Amino acid sequence: AQTVTQSQPEMSVQEAETVTLSCTYDTSESDYYLFWYKQPPSRQMILVIRQEAYKQQNATENRFSVNFQKAAKSFSLKISDSQLGDAAMYFCAYGTNNGGSQGNLIFGKGTKLSVKP
Amino acid sequence: DVKVTQSSRYLVKRTGEKVFLECVQDMDHENMFWYRQDPGLGLRLIYFSYDVKMKEKGDIPEGYSVSREKKERFSLILESASTNQTSMYLCATLGGTRGRQPQHFGDGTRLSIL
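Residues numbered from 1 in each chain as written. Chains lettered and ligands numbered in written order. Predicted model: local features only at pLDDT ≥ 70, side-chain atom pairs only at ≥ 80, totals over all residues. Heavy atoms only, no water.

Remarks on the pattern of salt bridges
Residue and element names in this part refer to chain B.
Now for step 1: Under the counting rule described, the total for this entry stands at nine salt bridges over all chains.
Now for step 2: Glutamate 22 serves as the salt-bridge partner of arginine 73, at 3.8 Å between the closest nitrogen and oxygen. Pair noted here: arginine 73 is in strand β8 (residues 73-78) and glutamate 22 is in strand β3 (residues 19-25), with a separation of 51 residues, a long-range link.
Now for step 3: By relative accessible area, arginine 73 is classed as partly exposed at 38%.
Now for step 4: Salt-bridge contacts for arginine 36 lead to aspartate 38; the nearest nitrogen and oxygen are separated by 2.8 Å.
Now for step 5: Its relative accessible area of 9% is what places arginine 36 among the buried residues. (Salt bridge = Lys/Arg side-chain N within 4 Å of Asp/Glu carboxyl O. Helix = DSSP H or I, 4+ residues; strand = E, 2+ residues; numbered from the N terminus. Buried < 20%, exposed > 50% of the residue type's maximum accessible area, 1.4 Å probe, protein only.)

See below:
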């Protein structure tokens, strides 16, 4: 069974600095997708960034980028120029493209990011 | 934008009550999901549905049931609520090619069982 591990329950970053959130996963599949979701306090969970396993190029969305290391099964999120609005719970998620579980996500336990002014 | 609406943000019920959590989406998505979110445990899948009247058990279906009579609505039912079902419940939808697309979430329902 697939698993997703976020080893940092909490992280803190100074405003305008860069922070990296870690995520590792375990799977025997070759076709899958990885996601980072952000959940601000008392607000809706939203997609931050998505990576397709067959793509070697790391995904980037503005200040957010990933370091996808397929062989190491690692999928870290880098936030550059951190802003106060980046404070949230961040979840790493694995999505399979196979069989009956297609589209289902397996989530890590989350990393709570604080941003200091 | 996808709109996923959960009927209540906060709900307080008593042990033994039958509880309904409603989720409605406006994007004609085939797939809908119910998760519960607990501190330190992340999100865990309760049930999902990939079509009207279809349902599949997720990782923690015990104590729950679901109903999907219309494409846009997916209901989570606690047949006899217990205190260990106090949690945040999240509904999500997914359209298009499953696996390729991200899920879209509602605001969540924080349910307290007294």
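The discussion continues.
Topic: the sheet that holds strand β7 (residues 64-70) of chain B
Residue and element names in this part refer to chain B.
Now for step 1: Strand order in the open sheet formed by four strands is β1-β3-β8-β7, with antiparallel pairing between adjacent strands. Strands with a single pairing partner mark the edges of an open sheet, and in this sheet they are β1 (4-6) and β7. Looking at each pair of strands side by side, their axes are set apart by 20° on average, direction ignored.
Now for step 2: Pairing of β1 with β3 involves three bridges; the strand directions are antiparallel. Pairing of threonine 5 across the sheet is with valine 24, part of β3. (Pairing = 2+ DSSP bridges. Axes fitted to C-alpha atoms, helices over the stretch in contact; angles between N-to-C directions.)

A short note on unusual backbone geometry
Residues and elements named next belong to chain A.
Now for step 1: The phi angle at asparagine 62 is positive, at roughly 55°, despite the residue not being glycine.
Now for step 2: With respect to the secondary-structure elements, asparagine 62 resides in the loop between β7 (60-61) and β8 (64-69).
Now for step 3: According to the relative accessible area criterion, asparagine 62 is exposed, its value standing at 75%.

Some details on the packing of aromatic side chains
Now for step 1: The full count for this structure, using the stated rule, is 15 aromatic pairs over all chains.
Now for step 2: Ring geometry for Phe107(A) against Phe105(B): centres 6.2 Å apart, planes inclined by 75°, an arrangement best described as edge-to-face. Of this pair, Phe107(A) sits in strand β11 (residues 105-107) while Phe105(B) sits in strand β10 (residues 104-105), on two different chains. By the burial criterion, Phe107(A) is buried, and Phe105(B) matches it.
Now for step 3: Ring geometry for Tyr64(B) versus Tyr89(B): centroids 5.9 Å apart, planes at 65°, classification edge-to-face. Of this pair, Tyr64(B) sits in strand β7 while Tyr89(B) sits in strand β9 (residues 87-94), and the two are 25 residues apart along the sequence. By the burial criterion, Tyr64(B) is buried, and Tyr89(B) matches it.
Now for step 4: An aromatic cluster is present here, built from Phe35(A), Tyr37(A), Phe91(A), Phe107(A), Phe33(B), Tyr35(B), Phe48(B) and Phe105(B) joined pairwise through their rings. (Phe/Tyr/Trp six-rings, centres within 6.5 Å; stacked < 30°, edge-to-face > 60°.)

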